[in-house]
Amino acid sequence: MKKLLLVIALLFLASPAFAGAEVGQPAPDFTGKDTMGREQHLADYKGKIVVLEWSNPGCPYVQKHYETGNMQTLQNEEIKKGVVWLTVVSSSKGREGYMSADEANDYMKKVGSTPTARILDSSGEIGKLYGATATPHMFVIDKDGVLQYAGAIDDRPSADHDTVAGAHNYVHAAIDELEAGKPVDTSMTQVYGCSIKYAD
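Any details on the nonpolar core? Residues and values, ideally.
In this structure, Val51, Met138, Val140, Tyr149, Ile153, Val171 and Ile175 are the most contacted members of the largest nonpolar core, which totals 28 residues. For this core, the secondary structure elements donating two or more residues are α2 (60-67), α3 (70-80), α4 (101-111), β7 (137-141) and α6 (170-179). Counting residues per element, this core draws most heavily on α6, which supplies 5 residues. Excluding residues within four positions of it along the chain, Ile175 makes contact with Ile49, Val51, Glu78, Lys81, Val83 and Val140. Membership of the second largest hydrophobic core comes to 22 residues, among which are Leu86, Ile119, Ile126 and Ala132.

Structure, rendered in structure tokens:
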């Protein structure tokens, strides 16, 4: 099963991505409604580092990071430092990963996930705006609103839980470099995971 998932991931890695946000350019602004019914505007967070995380609880690659506590630990560490963490769910209604606001809140409570907000993007508008193609697909935006990192969460393109240990986390590294006033050393990587379940 693990070998099959890796083959699927590698096939996915070779597939073309949507045109979307470009590293080194202003991150596209958006407005989305979160699970608490609040409107989230990216522009409201200018002056803070922002992480965008595309998620789907049904994806084995997402499950790896949540079932090991890896994603929650990263969320907590970065939020404590003042980083804004927005989890985005672009699964369309009737497809894997789609949740109502109540279902999403129950899920976050169950796994101990504490992002700044979880945005429900069932139309896929935000996902396509950024060119998000996989779960998890990660983006890091600097305090000036410029996209500084886009790609995989780490360098272990596997759904195997054991690969979390010892992995190089690109998101954590990018944030550390930005906070130190340094350029992001690795600004783009090939994303891995499950395809986002857009409506079309």
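Could you give an account of the sheet that holds β7, with specific residues and numbers?
Judged by pairing direction, the sheet is mixed, and its 5 strands sit side by side in the order β5-β4-β3-β7-β8 without closing on themselves. Across the chains shown, the open sheet's two edge strands, defined by having one partner strand only, are β5 (117-120) and β8 (147-151). For this sheet, the mean angle separating the axes of adjacent strands, direction not counted, is 20°. When strand β3 (residues 50-54) meets strand β4 (residues 84-89), the two strands line up parallel, connected through 5 bridges. Residue pairing across strands places Leu52 opposite Leu86, the latter belonging to β4. Sheet strands in contact with α6 are β3, β7 and β8, and its direction is about 0° off that of β7.

Describe in detail the packing of α3 against α6, supporting the description with residues and values.
Running from N to C, α3 and α6 point in directions that differ by 10°, and their axes come no closer than 11 Å. With respect to their mutual orientation, α3 and α6 come out roughly parallel. Contacts from Leu74, Glu77 and Glu78 of α3 reach α6 at Val171, His172 and Ile175. Taken together, the residues that form the contact of α3 with α6 break down as 3 nonpolar, 1 polar and 2 charged.

Can you break down the state of the cysteines residue by residue, with the values?
This model, assessed by the stated rule, comprises 1 disulfide. Here Cys59 is linked by a disulfide to Cys194, with a sulfur-sulfur distance of 2.2 Å. For the disulfide bridge between Cys59 and Cys194, the dihedral angle about the S-S bond is near 85°, and by the sign convention the bridge is right-handed. Here Cys59 is found in the loop between β3 and α2, whereas its partner Cys194 is found in strand β9 (residues 194-195), with 135 residues between them in sequence. In this structure Cys59 comes out as buried when scored by relative accessible area, which is 0%. By relative accessible area, Cys194 is classed as buried at 13%.

Rules and cut-offs
Residues numbered from 1 in each chain as written. Predicted model: local features only at pLDDT ≥ 70, side-chain atom pairs only at ≥ 80, totals over all residues. Heavy atoms only, no water. Core = buried A, V, L, I, M, F, W, Y, C linked by side-chain atoms within 4.5 Å. Buried < 20%, exposed > 50% of the residue type's maximum accessible area, 1.4 Å probe, protein only. Helix = DSSP H or I, 4+ residues; strand = E, 2+ residues; numbered from the N terminus. Contact = heavy atoms within 4.5 Å. Pairing = 2+ DSSP bridges. Axes fitted to C-alpha atoms, helices over the stretch in contact; angles between N-to-C directions. Parallel < 35°, antiparallel > 145°, perpendicular 65-115°, else oblique. Nonpolar A, V, L, I, M, F, W, Y, C, P; charged D, E, K, R; others polar. Disulfide = S-S within 2.5 Å.

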